[in-house]
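Listed here are the chains, written in short residue letters.
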Amino acid sequence: MSFNWKQLQNGSDIRGVALSGMAGQAVNLDTKIVAQLGTAFVQWVQQRNTKKQVTIAVGMDSRLSGPALKSAFIDALVAAGAQVYDCGMASTPAMFMTTITEPYCADGAVMLTASHLPFNRNGLKFFTPKGGLEKQDITDILKLAEAGTQNNAAAPGKVTEVPFIDVYSQLLVDKIRREVNSQENYELPLKGFKITVDAGNGAGGFYAQKVLGVLGADVSSSQFLDPDGHFPNHVPNPEDAVAMQSICEAVKKNTSDLGIIFDTDVDRAAIVDEKGNPVNRNELVALSAAIVNEEHPGATVVTDSITSDGVAWFINDVLKARHHRFKRGYKNVINEAIRLNEKGEESWLAIETSGHAALKENYFLDDGAYLVTKFVIKMAQLKTEGKSLTSLIKQLPVPAESEEFRININKSDFKAYGKKVISELGHLAANKSGWELVPNNYEGVRVSINTSTTKGWFLLRLSLHDPVIPLNIESEAVGGVSIIARELTTFFENFSELDLKSLTNR
């Protein structure tokens, strides 16, 4: 088959165009390709397993291409001799749980999803009982697919339909009951709370219906719970401004105690407080750290590279824990926390500002529903003390301005060009008055600024996959972002292959 299999790799996931209809985007993830990936995955699992017959669990989110791709994938698994659990509509974290939950304990699991990407995209996330696959694992599976792996099964496998999202939901229900431990109403510990859930027409609607509602919460104000791969209301993405505005307005309109928003496959989440204020990005990191630190005082919190100076101060000085800022990419953050634990440095939380949060207590699985469950439990506990959830982060400094610019690189060898830009900016910063290179920076160049005109910081890094150098700027004063951006634009103009529209058109 003359096909560029490498184009499907997106770090530790597979992603592609599954539906036609968008200009310049040819389909490269159809049923034939997905079937070949299914055959390859069975072989990959078999190579790492002593069983004669392996079991694979398969789920999908609400994408339009999901049913056809899932059917093709399952058919290939069966033809390769695997036993299959068809989990139907599910979440990415739930699919991992199929590998470690009795009596299922699948040898491998697959979630068909492309997270928050447009409706025409789809992809595959793979798991074993050890966790999500690494980048090299995906490369190996693609090599098997490219080699045209053939079925050599003595007999076909069998498909069993398993509504596993019900099993997963019950795990969360049991956790909330146990940890709230209400003396007044153990079975309904959320009675009296009004909670608004926004699933963005992705796969997260179950959380309102099968978790919160079961525990007595009023979820009647929830919105966009029905799965719809057209995503007609807003992008299912807690980082999207329109999506966050929608859930904030819903909380205000309904005077809810809490708002919850998920991405399409529920591995990310954000919340809204009782006043309708968003708690995402840096606030989400800080709140997560505050809750985990109560349980594991002084432990290290691993975050991605773009967390604010205020978050670092809050974790280090207020919580008396240790902030360890690392690279972007949820697998990078998770693997760094695992590495620290292995060398003897206690770390219970790995979290990106995007909303990916993984806890050691939950297999270092980035699970939006699990994180939100921690928030719900703490909210119920604090109510008995007359306190709000966000009282835990009342000391977190909030910058006056914060903005991200994405600077495109118009060059085929964009990584080398981007690294050159970053290197030269580092040399400039090291010699510029009022600019100071931030130490222990694992990605790009981060500079702290303290001049007569502004105080803040910026980070320039190379995108993980795209021909882009994202620039994050934060200022403690209104107008500071513009001042920093203008100074940097003067520097960037020395590089003819950079598209500076995002900076000059703001």
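What you see is a predicted model, and the numbers here were worked out from it, not measured in a lab.

Caption draft 1: Structural detail: the overall build of the chain. In terms of regular secondary structure, the chain is built from 14 helices and 23 strands. Expressed as a percentage of its 506 residues, the buried residues of the chain come to 57%. Carbon and sulfur atoms make up 48% of the accessible area of the chain, which amounts to about 21,000 Å² in all. Taking the average place of the 51 positive charges on the side chains of the chain and the average place of its 59 negative ones, the gap between the two points comes to 3 Å.

Caption draft 2: Representation of the packing of helix α12 (residues 414–430) against helix α13 (residues 480–492). Relative orientation of the contacting elements α12 and α13 amounts to 120°, with a least axis distance of 11 Å. On the basis of their axis angle, the class for α12 and α13 is oblique. The handedness of the crossing between α12 and α13 is right-handed. Along the contact surface, α12 presents V421, E424, L425 and L428, while α13 presents L488, F491 and F492. Of the residues that constitute the contact of α12 with α13, the class distribution is 6 nonpolar, no polar and 1 charged.

Caption draft 3: Structural context of the packing of helix α1 (residues 31–47) against helix α2 (residues 66–79). Across the interface, α1 lies against α2 with an axial gap of 8 Å and an inter-helix angle of 40°. When the axes of α1 and α2 are compared, the pair comes out oblique. Relative to α2, the crossing made by α1 is right-handed. Contacts from T31, V34, A35, L37, G38, T39, F41 and V42 of α1 reach α2 at A68, L69, A72, F73, A76 and L77. Its residues assigned to classes, the contact of α1 with α2 comprises 11 nonpolar, 3 polar and no charged.

Caption draft 4: A look at the sheet that holds strand β15 (residues 347–351). The mixed open sheet is built from 5 strands, whose spatial order is β14-β13-β15-β16-β17. The outermost strands of the open sheet, each flanked by one partner alone, are β14 (322–325) and β17 (365–366). Two elements, strand β13 (residues 300–303) and β15, share 4 bridges in a ladder whose sense is parallel. Residue pairing for β15: T300 is matched across the bridge by S347.

Caption draft 5: Spotlight on the nonpolar core. Counting residues in each nonpolar core, the largest one holds 77 residues, and the members touching the most others are Y207, L212 and I260. Sort the elements by how many residues they give to this core and helix α11 (residues 368–383) lands first, with 10 residues. Ignoring anything within four residues of it in the chain, the contact list for Y207 reads L172, I176, L212, I260, F262, A369, V372, T373 and V376. Core analysis: the next-biggest nonpolar cluster, separate from the first, contains 35 residues, A18, A80, V110 and L133 among them.

Conventions used here
- Residues numbered from 1 in each chain as written.
- Predicted model: local features only at pLDDT ≥ 70, side-chain atom pairs only at ≥ 80, totals over all residues.
- Heavy atoms only, no water.
- Helix = DSSP H or I, 4+ residues; strand = E, 2+ residues; numbered from the N terminus.
- Buried < 20%, exposed > 50% of the residue type's maximum accessible area, 1.4 Å probe, protein only.
- Areas by Shrake-Rupley, 256 points an atom, 1.4 Å probe, with all protein chains shown as cover.
- Lys, Arg positive; Asp, Glu negative; His and termini not counted.
- Charge placed at Lys NZ, Arg CZ, Asp CG, Glu CD.
- Axes fitted to C-alpha atoms, helices over the stretch in contact; angles between N-to-C directions.
- Parallel < 35°, antiparallel > 145°, perpendicular 65-115°, else oblique.
- Left-handed = near helix turned anticlockwise from the far one by under 90°.
- Contact = heavy atoms within 4.5 Å.
- Nonpolar A, V, L, I, M, F, W, Y, C, P; charged D, E, K, R; others polar.
- Pairing = 2+ DSSP bridges.
- Core = buried A, V, L, I, M, F, W, Y, C linked by side-chain atoms within 4.5 Å.

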